[in-house]
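# Report on the structure
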Amino acid sequence: AGEAGHAHVLQWRLGRAARLSPGDATQLDLRDCRIGHEAMPHLTSALCADTTLIILNLHLNNIGDVGARHIAEALKVNSTVTQ
């Protein structure tokens, strides 16, 4: 239930951020959510579609090199995330 539970937390936070009006979701704190590289396709899809997020906190997760590459590709599309 551990990994599945953390995936649900990620989906809930991303879904909640996606429902906010433009300009409302400038920060997304996913610190210490035990996110692995498996969740990166969901996160990068959201990042590619978002135009208001400025700060994304992924500290204390386990995204590894694969996840970092996903994030790097998403940041080529999303130029609003600066931190």
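The notes below deal with the structure included here. Nothing here was measured: the structure is a model prediction, and the numbers come from that model.

The rules behind the values
Residues numbered from 1 in each chain as written. Predicted model: local features only at pLDDT ≥ 70, side-chain atom pairs only at ≥ 80, totals over all residues. Heavy atoms only, no water. Helix = DSSP H or I, 4+ residues; strand = E, 2+ residues; numbered from the N terminus. Buried < 20%, exposed > 50% of the residue type's maximum accessible area, 1.4 Å probe, protein only. Salt bridge = Lys/Arg side-chain N within 4 Å of Asp/Glu carboxyl O. Core = buried A, V, L, I, M, F, W, Y, C linked by side-chain atoms within 4.5 Å. Contact = heavy atoms within 4.5 Å.

Counting secondary structure elements, the protein chain contains 3 helices and 2 strands. Its helices and strands taken in sequence order, the protein chain reads α-β-α-β-α from the N to the C terminus. Residue burial in the protein chain is summarised as follows: out of 83 residues, 29% are buried.

The next subject is the pattern of salt bridges. Considering all chains together, one arrives at 2 salt bridges under this definition. As a salt-bridge pair, R31 and D29 come within 2.8 Å of each other at their nearest N and O atoms. On the basis of relative accessibility, which here comes to 44%, the residue R31 falls in the partly exposed class. In this structure, K76 engages E73 in a salt bridge whose closest nitrogen and oxygen atoms are separated by 3.0 Å. In this pair, K76 and E73 are both assigned in helix α3 (residues 64-77), 3 residues apart and thus about one turn of the helix distant. Residue classification places K76 among the exposed residues on the basis of a relative accessible area of 64%.

Glancing now at the nonpolar core. Membership of the largest hydrophobic core comes to 15 residues, with the highest contact counts inside it found for L30, I35, L43, L47, L56 and L58. Contributing elements (two or more residues each) for this core: α2 (40-49) and α3. Top contributing element to this core by residue count: α2, with 3 residues. Apart from residues lying up to four places away in sequence, L58 is in contact with L30, I35, L43, I63 and I71.

Quick look at the environment of R69 now. Along the chain, R69 turns up in helix α3. In this structure, the C-alpha to C-alpha distance between R69 and M40, residues 29 residues apart in sequence, is 9.3 Å.

Geometry only, nothing functional implied.
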